[in-house]
Each structure stands twice: as C-alpha cells, then as structure tokens.
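The chain contents come next:
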Amino acid sequence: MVRRPALAYAAVRHRRRPLLTHEKYRRNEIISGSPYSGYDRHNGEIAAFHLGRILGFRRTPVAVGRRINLRQELKPVAKPRLLSTFVENGNNSCFYGECYYCRSNLSACADGSIMEGVMILWLPNSWPLKVHRPHPWRRTYKQNKTAQWQYDTQFCDKVRRVPLYSSGRLLLDIIDTSVLDYLIGNADRHLFETFLGKQDSIMLILDNGKSFGNPEIDEITILAPLYQCCMVRDSTWKRLQALAEGNLSSLLKILLEYDPVSSILTDQHYNSVERRLLGVIIVIKKCIEKHSEEIVLITEAD
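Participant: Mind showing me how you'd approach the overall build of the chain here?
Facilitator: Within the chain one finds 12 helices and 11 strands. Relative to its length of 302 residues, the chain is compact, with a C-alpha radius of gyration of 20 Å against a globular reference of 19 Å. Along the longest, intermediate and shortest principal axes, the C-alpha atoms of the chain span 60 × 45 × 40 Å. Here the chain holds 302 residues, and 46% of them are scored as buried.

See below:
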C-alpha cells in the first residue's frame, strides 16, 4: 500500500506520460463473437503486465489500475482542448479526449465522477520505437478472407527465409509472445515494435487490451507461431513446466491482489489461464515427440 503513491509521484516528477484506458466492461462480462471482438479491456492490460513478469518475458508495459475523480483531479488541470471534450451525461462526467479514434459519440464516462481505468506507462522519448507491420501471423480481420499462415503448412519456413527473422532473437520473441497471447486470449497481434536503431532488439509486447474477453474459448490459432515453427526457448519451456498444476494462476492472483482496482480477474479467467497453460505444454510436447528436444528447445548464448 505504501508504494502506490510513490509510483504515481515518480511518474509526475520525471515527466513520464501515462496512457489511460478506461473501464468498458464489468469483470464478469463475457465478450462473444470473433476472437478479437469488443473494445479493449483495461483489466486485461493489468493482468497481461503481471503475467509477462511471471513468465520472465518482462517486455510488457507497466500497467496499474486507478480510480480517478474526473471533476476534482482531471478537469482542474486539463488543457483547454481536452477540457472542451468534457460533457455531462446525467450525473456522469464524460469526455472523448484527443486521439485518432476519439469521437463525441464514443465518450468515456465515469460512474458519477469516478472513472476506473488502467494507467500504462509510456517509454521516454529517448527510447524511440520502430513499428513492424504487418505481424507475420497477422489476421485479415475479414470473415471471407484467410491469411496465408492459416492454410500454408510451410508458412514458418517462408518466415525463416526473411532476413528480419532468419537470425537473432526476433522469431523466438514472436513465439514467446504467442504463448502469452494464448494464455490471455489475445488474438489481436497485428503489428509489433522493437527499439529503433538497436541491434537485435527485443520485441516489445504492447497493446494487450483485447484479452480476457471470453474464458470459455481457447483460440488455438493464437499459438500458430509455436506449432508451425515447432521451436521455443528452453528457458520458456522450463518456466512453463514449473508453473503447471495451479502455480501460474496462484502467482497471478497474488500479484493482482495488490492492484488498486483489485479484483482484476474472475475465477473463470484464472481457470482459463490454467487450462490454456496445459494446452501450450501439450503443443510443445508434440513438437518434441516429432522433432526431438535438440531441434525444438533453443538455448541462447548469454
């Protein structure tokens, strides 16, 4: 409890810019439709950050829940352009902000004056990013059109021949990310970022809001980079095995209990994480049975 104000103070003191994504769904609301349906889930960003920590990836942005009084905390310090987007909807204070997708008919509304959301810490300008689009395993987002990876059994071999992925860490980062995405149910990985000008940069795992939408569906195609390439870091494999039999959900629940807007996930979602973890382990075991540990499990030099 003592650290929460300190974190908020550090963000202001060092002129860091946080991104606010507000609550759009209640915790127990299930999102039906396609695996990428619905708006971003603010609690999904929080859970993804901590799950990335548990898996040892540490490439997800810092995300923490907050409840903000719009009338007392935001409006008094808002710039005129932002202030002009504030409206009142009954007793609820709303605003639609300034961004590419911001529209007056898509206002973000508080419950009265209190808005719950997630604050996602932006990287400083001294760490510029390079956007790579499209992601090799990007979906078409069209019902009548499939992507090449969805029907081409040799797709990973074609990806390996692309210079960007033929050497270095990037393909293994994509496979690690597919594991995280499968666990959280995020089928919306259409692009990715690396650090600009950095040789063999890590792949950052940004934009995790399309997660924890439907705990009843396990979208196996999210794991396509893993089961098509049949390779994974040995360190990732060992960690996944250590987290089996309830350890993953137990650790995640402990970490999420400290968030200011806890509880973050329902029991259904914790159960889905455990079930999906078992699915990942089964996929890797099948790859090992087919190709051997020497080919599937990749050990990187320090």
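Participant: Is there a simple way to explain unusual backbone geometry in this structure?
Facilitator: Most peptide bonds take the trans configuration, and most residues that are not glycine carry a negative phi. With an omega of 0 degrees, the peptide bond between Arg133 and Pro134 qualifies as cis. Its location among the elements puts Pro134 in the loop between β7 (129-132) and α5 (155-160). Of note, the bond from Ser262 into Ser263 is cis; its omega dihedral lies within 30 degrees of zero at 15 degrees. The residue Phe212 is not glycine, and still its phi comes out positive at about 50 degrees. Assignment of secondary structure puts Phe212 in the loop between β9 (203-204) and α8 (224-229). By relative accessible area, Phe212 is classed as buried at 3%. Positioned with a positive phi, Cys230 is a non-glycine residue whose angle comes to about 50 degrees. By secondary structure assignment, the location of Cys230 is in the loop between α8 and β10 (232-233).

Participant: Teacher, can you tell me more about the sheet that holds strand β3 (residues 86-89) here?
Facilitator: Ordered by their spatial adjacency, three strands build an open sheet running β3-β4-β5, and the pairing between neighbours is antiparallel. The strands lining the two open edges of the sheet, one partner per strand, are β3 and β5 (108-109). Relative to β5, strand β4 (residues 92-95) runs antiparallel, the two sharing two bridges. Bridging from a neighbouring strand, Phe95 pairs with Ala108 of β5.

Participant: Quick question: what am I supposed to make of the side chain of Arg41 here?
Facilitator: Along the chain, Arg41 falls in the loop between β1 (18-22) and α2 (42-55). One buried charged residue, Arg41, forms no salt bridge at all, with the nearest opposite charge on Asp40 at 6.2 Å. Reaching out from Arg41, the side chain makes a polar contact with the backbone oxygen of Ser37 at a distance of 3.1 Å. One polar contact links the side chain of Arg41 to the main-chain carbonyl oxygen of Ser211, over a distance of 3.1 Å. Not counting the four nearest positions on each side in its chain, Arg41 is found in contact with Tyr25, Ile31, Gly209, Lys210, Ser211, Phe212 and Gly213.

Participant: So what exactly am I meant to see when it comes to the pattern of salt bridges here?
Facilitator: As a working rule, side chains carrying opposite charge can pair if their charged atoms are close by. Summed over all chains, the structure comprises 16 salt bridges. The salt bridge involving Lys158 is made with Asp152; its shortest N-O contact spans 2.9 Å. Classification of Lys158 as partly exposed rests on a relative accessible area of 34%. Salt bridges here are not isolated pairs; linked through shared partners, they connect Arg59, Arg169, Asp173, Asp176, Arg233 and Glu300.

Thresholds, definitions, all that
- Residues numbered from 1 in each chain as written.
- Predicted model: local features only at pLDDT ≥ 70, side-chain atom pairs only at ≥ 80, totals over all residues.
- Heavy atoms only, no water.
- Helix = DSSP H or I, 4+ residues; strand = E, 2+ residues; numbered from the N terminus.
- Rg over C-alpha atoms; globule rule 2.2 N^0.38 Å.
- Buried < 20%, exposed > 50% of the residue type's maximum accessible area, 1.4 Å probe, protein only.
- Pairing = 2+ DSSP bridges.
- Lys, Arg positive; Asp, Glu negative; His and termini not counted.
- Salt bridge = Lys/Arg side-chain N within 4 Å of Asp/Glu carboxyl O.
- Polar contact = N/O pair within 3.5 Å; in protein donor to acceptor, adjacent residues only side chain to side chain.
- Contact = heavy atoms within 4.5 Å.

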